[in-house]
Amino acid sequence: LRLGLNIMKIQKSLEDLSVGILKNYSENCVEVESCDESQLLTYQYLAAVMLANQGDRILLTSHFWKDDAKSILKGKGSDLSSSLCLDFFKEYLNIYGSKVKNGIMELQGDCDMSLPFIAPAYQSKLIINSASYHKRLTWGLRFSGLRIAFSAAFRVEGEDYLDDLSSLLSTSTLKADDVFL
């Protein structure tokens, strides 16, 4: 039961974090909604970043359509190339992952973070559903007629780790840059 409560708390913290970062780019109302793992395959791409520390692993992903970046940037990005649209989501995951990394570093002092990478969404099954993760979370964000999905996969030691990380994330003050381009 304790692990279940920690998972719900960390999911809420990650949802709030993903909303907060998106609001730096969009003035529109952002709503969190449920998302099933099977829906992750319906997107065009995924951006991913891995965090690792002392045997603990967290994989964070965002699932999207390439042109979503143009809509998020409200006209500022209407002339973005395909490459820059993908770069927007890599940068989004870099900011998101950095906030989580800062929480891990406060808890355990050290954390490695991979560079964000892009993959076709059909590879979600291979990337996220690895047996090396014992818990996976998914949620979606809806705004301006768009929907972006997120997932977090965990392999962590100890029951209190996720609870402590969740508390640190909810009080984090790291802000994203105001301008992407």
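Residues numbered from 1 in each chain as written. Predicted model: local features only at pLDDT ≥ 70, side-chain atom pairs only at ≥ 80, totals over all residues. Heavy atoms only, no water.

Caption draft 1: Region of the structure containing the nonpolar core. With 41 residues, the main nonpolar core has L60, I72 and Y96 as its most contacted residues. Of all the elements in the fold, those that place two or more residues in this core are α1 (2-23), β2 (45-53), β3 (56-64), α2 (68-72), α3 (82-108), β6 (135-143) and β7 (146-155). Considering each element in turn, this core owes the most residues, 10 residues, to α3. Apart from residues no more than four positions distant in its own chain, I72 is found in contact with L22, Y25, S26, F88, F89, F143, L146 and I148. By size, the runner-up hydrophobic cluster in this structure holds seven residues, among which are A48, L59, Y133 and A153. (Core = buried A, V, L, I, M, F, W, Y, C linked by side-chain atoms within 4.5 Å. Buried < 20%, exposed > 50% of the residue type's maximum accessible area, 1.4 Å probe, protein only. Helix = DSSP H or I, 4+ residues; strand = E, 2+ residues; numbered from the N terminus. Contact = heavy atoms within 4.5 Å.)

Caption draft 2: Local environment of the confidence of the model for the chain. Taken residue by residue, the chain gives an average pLDDT of 79. The fraction at 70 or more is 80%. No element of the chain has a lower mean pLDDT than helix α5 (residues 160-170), which averages 68, and none a higher one than strand β4 (residues 112-113), which averages 92. Low pLDDT, under 50, characterises residues 174-181; the stretch is placed with 16 contacts to residues that sit more than four places away or in other chains. (pLDDT = per-residue confidence, 0-100.)

Caption draft 3: Summary view of the environment of V32. Looking at the secondary structure, you find V32 in strand β1 (residues 31-34). Counting along the chain gives 17 residues from V32 to E15, while the straight-line C-alpha distance between them is 7.1 Å. When sequence neighbours within four positions are dropped, the list of residues in contact with V32 reads E15, V19, W139, G140 and L141.

Caption draft 4: Molecular detail of the pairing of β2. Of all nine residues in β2, seven are buried, a share of seventy percent or more. In the sheet, β2 pairs with β3 via nine bridges, with the strands oriented antiparallel. Note that in β3 the partner of L51 across the bridge is I58. For β2 and strand β5 (residues 117-120), the ladder comprises four bridges, and the chain directions are antiparallel. The residue bridging A48 from the neighbouring strand is F117, located in β5. Strand direction decides the pairing type here: β2 and β4, joined by two bridges, are antiparallel. Looking at the pairing, A52 lines up with D112 of β4. (Pairing = 2+ DSSP bridges.)

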